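Close look at the chain arrangement
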Amino acid sequence: MDSVKARKQGNSVMVTLSSSLGISAGQEFYITKNPDDSILLVPKVTDIYQNVRPGEFDDIDDDHISRNFQPQGKELADD
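Owing to the predicted nature of the structure, the values given are computational and were not obtained by experimental measurement.

A cluster of nonpolar side chains, V4, V15, L17, L21, I23, I31, I39 and L41, forms an exposed patch at the surface whose accessible area comes to about 730 Å². Its location among the elements puts I31 in strand β3 (residues 29-33). What makes I31 exposed here is its relative accessible area of 61%.

Structure (structure tokens):
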């Protein structure tokens with residue numbers, strides 16, 4: 001396991017990531033600090049369904065809720 005050292009740069013603390021991780025310069029991430037103090041970087045994706053093949057996420061046969069769902073027109077109402 002590689003290790004890195006945090007360093008101060010201006011008003012920020014920086015960590016350098018190895019190019020062996022395959023991260024491109026300018027790539028954006030969501031960042032979360034977990035209760036155990038681990039840090040999670042999740043790549044931002046503009047459209048998670050951009051490269052989906054037809055039927056790839058079709059689970060209608062396995063989903064009894066959506067299979068029998070009949071919209072009533074007030075599903076998003078606050079009352």
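In this model, the protein chain carries an average pLDDT of 83, and 84% of its residues clear a pLDDT of 70 or more. Looking over the protein chain, one finds the lowest element-wise mean pLDDT in helix α1 (residues 64-67), namely 68, and the highest in strand β1 (residues 7-9), namely 95.

This part takes up the pattern of salt bridges. Inspection of every chain in the model, using the stated rule, returns two salt bridges. Close ionic contact of K44 with E28 constitutes a salt bridge, the shortest N to O distance being 3.4 Å. In this pair, K44 is assigned in the loop between β4 (39-43) and α1 and E28 in the loop between β2 (12-14) and β3, connecting sequence segments 16 residues apart. The class of K44 is partly exposed, set by a relative accessible area of 39%. Residue class for E28 comes out partly exposed when judged on its relative accessible area of 49%. The partner of D37 in a salt bridge is K33, with the nearest N and O atoms 3.7 Å apart.

Thresholds applied
Residues numbered from 1 in each chain as written. Predicted model: local features only at pLDDT ≥ 70, side-chain atom pairs only at ≥ 80, totals over all residues. Heavy atoms only, no water. Patch = residues over 30% accessible without salt bridge, like charges linked within 9 Å, V, L, I, M, F, W, Y side chains within 5 Å. Areas by Shrake-Rupley, 256 points an atom, 1.4 Å probe, with all protein chains shown as cover. Salt bridge = Lys/Arg side-chain N within 4 Å of Asp/Glu carboxyl O. Helix = DSSP H or I, 4+ residues; strand = E, 2+ residues; numbered from the N terminus. Buried < 20%, exposed > 50% of the residue type's maximum accessible area, 1.4 Å probe, protein only. pLDDT = per-residue confidence, 0-100.

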